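The chain contents come next:
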Amino acid sequence: MKNCALIDELRISLEKGLNILTGETGSGKSIIIDALGLCLGNKYDKSFLRRGTEKGVVEAVFYSEGDRLKSVLDENEIEYDDGNIVITRIIYRDGKSTARVNGRTIRLSLLKEIASLLVDVHGQHSNQAIFRPETHLRFVDMSGDVEKEKSEYTDVYKKYTEVRRELLKLDDNKDEMEIQREIDLLKFQINEIEAASLKEGEYDELVAKRDIFRNSEKIYNSLSAAYGVLHEGDINTIDLAGRAVAEISSVSQYSEKISSIYERAERIMYELQDISSEIRNCREETEFEPYELEQLETRVDEINNLRRKYGNTEKDIFLYYDRISERLSEILNRDEKREELKGKLQEIESVLEKKAEALTEKRKTAAENLENELIKELNSLDMKNVTMKTVFERKQYSNDGADNVEFMISFNLGEELKPISKVASGGEISRFMLAFKSIIADADDIETLVFDEIDTGISGIAAQNVGEKLSDIADKKQIICITHLPQIAANADSHYLIEKRNDEQRTYTTIEKLDEPDRINEIARLISGKNITDTTIIHAREIIQLTSNRREC
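Computed from a predicted structure; not experimentally measured.

Engineer: What is the right way to read the overall build of the chain from this model?
Structural biologist: When you go through the chain residue by residue, the secondary structure sums to 19 helices and 15 strands. Its C-alpha radius of gyration of 41 Å places the chain more than 25% over the 24 Å reference for a compact globule of 553 residues. The principal-axis extent of the C-alpha atoms belonging to the chain is close to 125 × 75 × 50 Å. A total of 553 residues make up the chain; the buried ones form 44% of that total. Contacts spanning at least 24 positions in sequence make up 71% of the contacts within the chain whose residues lie at least 6 apart.

Quick look at the structure:
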């Protein structure tokens, strides 16, 4: 982070496991979360830029090998090597900002999509997946064993969509007049291609032949000149070569070297004679007939006309011809074909309905188990009056089934069930997601979780339970948690202290990873505030030791 709020420049390397961030109220803990939020695609408020600066930078480096993430990066042609993802957000004084992923500038909407596959942020102001009903189905599927039913449904659904696509293609959403126009056009194109009697490779052959005709006079004159040098006239190359061969022949018996030269010279003389004959024949074959050139030009123009309309090569034109012939046949026989496809669609839909019902029933069982487990987990987090229901509504067949799913919940006794986004406070939703993630941690491929305000409204045993659950999830995920409670902070694998400091001119925020003695002092501060005594130090050591003992069990 650079030039962000109270931060001049700050770097933090977060570890695997449970990363705890603590600090006094107003020390700047929210700045860290807000900065991370910028990297996740949140809206930039120019008041976040450090006073007196023109621009700031927030950069986060992630490591992930999630399949969904790889798919999104590949679809958007973003380079992705060794699992490293570098997200950069540059912010400016005029309120504008730019976002980059692995050096590539991208839209904020794409940044949000990518970031949502890397980090889950849970807090009062976070835009969480749990608030979006369209994600609830995925959560139900993750919590239950529905893969077999889902796979069977998907296989049938693919066949269903293929037949529907064929049906739509028959008329292509056109009225009868538009269809007749298409028939006329297709017939014209088919007749035009057939009338051309095109042969594969013909165009290149014609162009080569045309070039010869266009340059026939030049070719004739050059060949005549070459033939004259080789064979015509009182002094020509072949006669001179013959005289040279005769002279060498007369002395070739005196030396092997001269004999070798004679053999080579003789071969060259014969080769020159062959070349001379070929040049003469080629010259005699070179004719210039204006009407033949005109015919060639006409044929090349005819093929170029086809190439402009139907494809660059003869092969492309033939493929287009096959395609439009098939389309014409489909249209002319569409009534018969339509009835055939409708019958096929009914058969597939009957099977699809059974597969959809089986998937729905499996999901309802999974949702009921999820509700029971969540209530049990939430009770341990001092949320004893929670009631929850997963509401299923039927929708049209889609690639994920025929179910719309939404979580309805009440956090207080006597209140009616409402969508989770309408009833949960920041602390409640953080604890709800903690319970939720503890259930689906193995199935969820998002590897980093951020919890802010998770300790709101709890203390004592409930706080201890929250800390233990964070610790348990941290065995499988990286967790970043801001807390004020020692029972939670004591579970840290890595503990960071955020402090506000002053120099002569400015106030700034720092963050420091604590060693064991400093960690004990910080836990003691969380227990008793500024009045740290030997007793609170002993107490701090004790709760750290207790969390350590629990992990070892």
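Engineer: What's the story with the packing of aromatic side chains in this structure? I'm lost.
Structural biologist: Remark: the centre distance and the inter-plane angle together describe each pair of aromatic rings, the angle taken between the planes. Scanning all chains against the criterion turns up four aromatic pairs. Each ring, one from tyrosine 310 and one from tyrosine 320, has its centre 5.1 Å from the other, and the planes form 20°; the classification is stacked. Of the two residues, tyrosine 310 is situated in helix α11 (residues 290-310) and tyrosine 320 in helix α12 (residues 314-332); the sequence distance between them amounts to 10 residues. Residue tyrosine 310 is classed as buried on the basis of its relative accessible area of 7%.

Engineer: Got a minute to help me understand the packing of helix α2 (residues 67-75) against helix α3 (residues 108-115) in this structure?
Structural biologist: Each pair of packed helices gets described by two things: the angle between the helix axes and the distance between those axes. One can describe the packing of α2 onto α3 by two numbers: an axis separation of 10 Å at closest approach and a directional angle of 155°. When the axis of α2 is compared with that of α3, the two are roughly antiparallel. Only Leu110, Glu113 and Ile114 of α3 make contact with α2, whose side of the interface consists of Leu69, Val72 and Leu73. Of the residues that constitute the contact of α2 with α3, the class distribution is five nonpolar, no polar and one charged.

Engineer: How should I be thinking about the domain arrangement of the chain in this particular structure?
Structural biologist: It is common to give the size of an interface as the accessible area that goes away when the parts come together. Splitting the chain by domain gives domain 1 (1-131 + 426-512), domain 2 (195-310) and domain 3 (515-552). Buried surface at the junction of domain 1 and domain 3, summed over both partners, amounts to about 1200 Å²; 51% is from carbon and sulfur atoms. Seen at the junction of domain 1 and domain 3, the total is one salt bridge. The salt bridge involving aspartate 472 is made with arginine 550; its shortest N-O contact spans 3.2 Å. Across the contact surface, domain 1 and domain 3 share six residue pairs in polar contact (both at pLDDT 80 or more). For the side of domain 1 that touches domain 3, the secondary-structure elements that each account for two or more residues are α16 (460-473), α17 (486-489) and β14 (494-502). Ranked by residues supplied to the side of domain 1 that touches domain 3, first place goes to α16 with three residues. Its residues assigned to classes, the side of domain 1 that touches domain 3 comprises six nonpolar, six polar and four charged.

Engineer: Explain the sheet that holds strand β8 (residues 119-122) here, please?
Structural biologist: Pairing between sheet strands relies on hydrogen bonds along the backbone, with the strands arranged either parallel or antiparallel. If you trace the six strands from one edge of the open sheet to the other, you get β8-β12-β13-β3-β14-β15, paired in mixed fashion. The strands lining the two open edges of the sheet, one partner per strand, are β8 and β15 (507-513). Sheet twist, expressed as the average angle between the axes of neighbouring strands with direction ignored, equals 15°. Examined bridge by bridge, β8 and strand β12 (residues 448-451) share four bridges and lie parallel to one another. Paired with aspartate 120 across the bridge in β12 is leucine 449. Each of β3 (18-22), β12 and β13 (478-482) touches α16; the most contacted strand, β13, lies at about 155° to it. Sheet contacts for helix α18 (residues 516-528): β3 and β14; angle to β14, the most-contacted strand, approximately 70°.

Engineer: Sorry if this is basic, but what is going on with the sheet that holds strand β10 (residues 401-410) here?
Structural biologist: On the basis of which strands lie adjacent, the open sheet formed by three strands has the order β9-β10-β11 and antiparallel pairing. Two strands lie at the open edges of the sheet, namely β9 (387-398) and β11 (418-419), each paired on one side alone. The sheet strands contacting helix α4 (residues 136-143) are β9 and β10, and the helix crosses β10 at an angle near 95°. Its contacts with the sheet place helix α13 (residues 334-380) against β9 and β10, and it is angled at close to 165° to β9.

Engineer: I tried to follow the environment of serine 430 on my own but got confused; where do I start?
Structural biologist: With respect to the helices, strands and loops of the structure, serine 430 is situated in helix α15 (residues 426-440). Taking the C-alpha atoms as reference, serine 430 lies 58 Å from isoleucine 179; in sequence the two are 251 residues apart.

Engineer: How do you make sense of the pattern of salt bridges when you look at a structure like this?
Structural biologist: When the charged atoms of two side chains with opposite charge come close together, those side chains can pair. Evaluation of the coordinates by the stated rule reveals 19 salt bridges. Linking glutamate 522 and arginine 525 is a salt bridge whose minimum nitrogen-to-oxygen distance equals 2.6 Å. One end of the pair, glutamate 522, and the other, arginine 525, are both in helix α18, three residues apart, so they sit about a helical turn from each other. Here glutamate 522 matches arginine 525 in class, with each residue buried. Taken together, the salt bridges that share partners define one network made up of Asp141, Lys150, Arg363 and Asp403.

Engineer: I'm lost on α18 in this one. Help?
Structural biologist: Owing to its 3.6 residues per turn, the α-helix aligns residues three or four sequence positions apart on the same side. Taking 1.5 Å per residue as the helical rise, α18 with its 13 residues ought to reach 18 Å, and the 19 Å between its terminal C-alpha atoms agrees with that figure. Within the span of α18, buried status applies to Arg519, Ile520, Glu522, Ile523, Ala524, Arg525 and Leu526. The secondary structure elements touched by the buried residues of α18 are β3, α17, β14 and α19 (534-552). Phi turns positive, to about 75°, at glycine 529, one or two residues after α18.

Engineer: How should I be thinking about unusual backbone geometry in this particular structure?
Structural biologist: Backbone phi values are negative for most residues with the exception of glycine, while trans is the configuration of most peptide bonds. Residues other than glycine seldom take positive phi values, yet asparagine 3 does so here, at roughly 60°. Position of asparagine 3 among the secondary structure elements: in strand β1 (residues 2-4). If you check the backbone angles, alanine 5 has positive phi at about 50° while not being a glycine. Secondary-structure assignment places alanine 5 in the loop between β1 and β2 (7-9).

Engineer: Would you mind showing me how to read the UniProt feature "coiled-coil region" (unreviewed entry) in the chain here?
Structural biologist: On the UniProt side, "coiled-coil region" (unreviewed entry) is annotated at positions that read residues 293-376 here. Across residues 293-376, the secondary structure splits into 95% helix and 0% strand, with the terminal C-alpha atoms separated by 91 Å.

Engineer: Help me understand the environment of glutamine 487 in this model?
Structural biologist: Note on placement: glutamine 487 falls in helix α17. With relative accessibility at 26%, the residue glutamine 487 sits in the partly exposed group. Residues glutamine 487 and threonine 547, spaced 60 residues apart in sequence, show a C-alpha to C-alpha distance of 8.8 Å. Ignoring any residue separated from it by four or fewer positions in sequence, one finds glutamine 487 in contact with Ser459, Gly460, Ala463, Gln464 and Gly467.

Reading the values: the criteria
- Residues numbered from 1 in each chain as written.
- Predicted model: local features only at pLDDT ≥ 70, side-chain atom pairs only at ≥ 80, totals over all residues.
- Heavy atoms only, no water.
- Helix = DSSP H or I, 4+ residues; strand = E, 2+ residues; numbered from the N terminus.
- Rg over C-alpha atoms; globule rule 2.2 N^0.38 Å.
- Buried < 20%, exposed > 50% of the residue type's maximum accessible area, 1.4 Å probe, protein only.
- Contact = heavy atoms within 4.5 Å.
- Phe/Tyr/Trp six-rings, centres within 6.5 Å; stacked < 30°, edge-to-face > 60°.
- Axes fitted to C-alpha atoms, helices over the stretch in contact; angles between N-to-C directions.
- Parallel < 35°, antiparallel > 145°, perpendicular 65-115°, else oblique.
- Nonpolar A, V, L, I, M, F, W, Y, C, P; charged D, E, K, R; others polar.
- Domains from an automatic or database assignment.
- Buried area = accessible area lost by both parts, 1.4 Å probe.
- Salt bridge = Lys/Arg side-chain N within 4 Å of Asp/Glu carboxyl O.
- Polar contact = N/O pair within 3.5 Å; in protein donor to acceptor, adjacent residues only side chain to side chain.
- Pairing = 2+ DSSP bridges.
- Expected span 1.5 Å × (residues − 1).
- UniProt positions renumbered as here; feature names shortened; annotations may be inferred.

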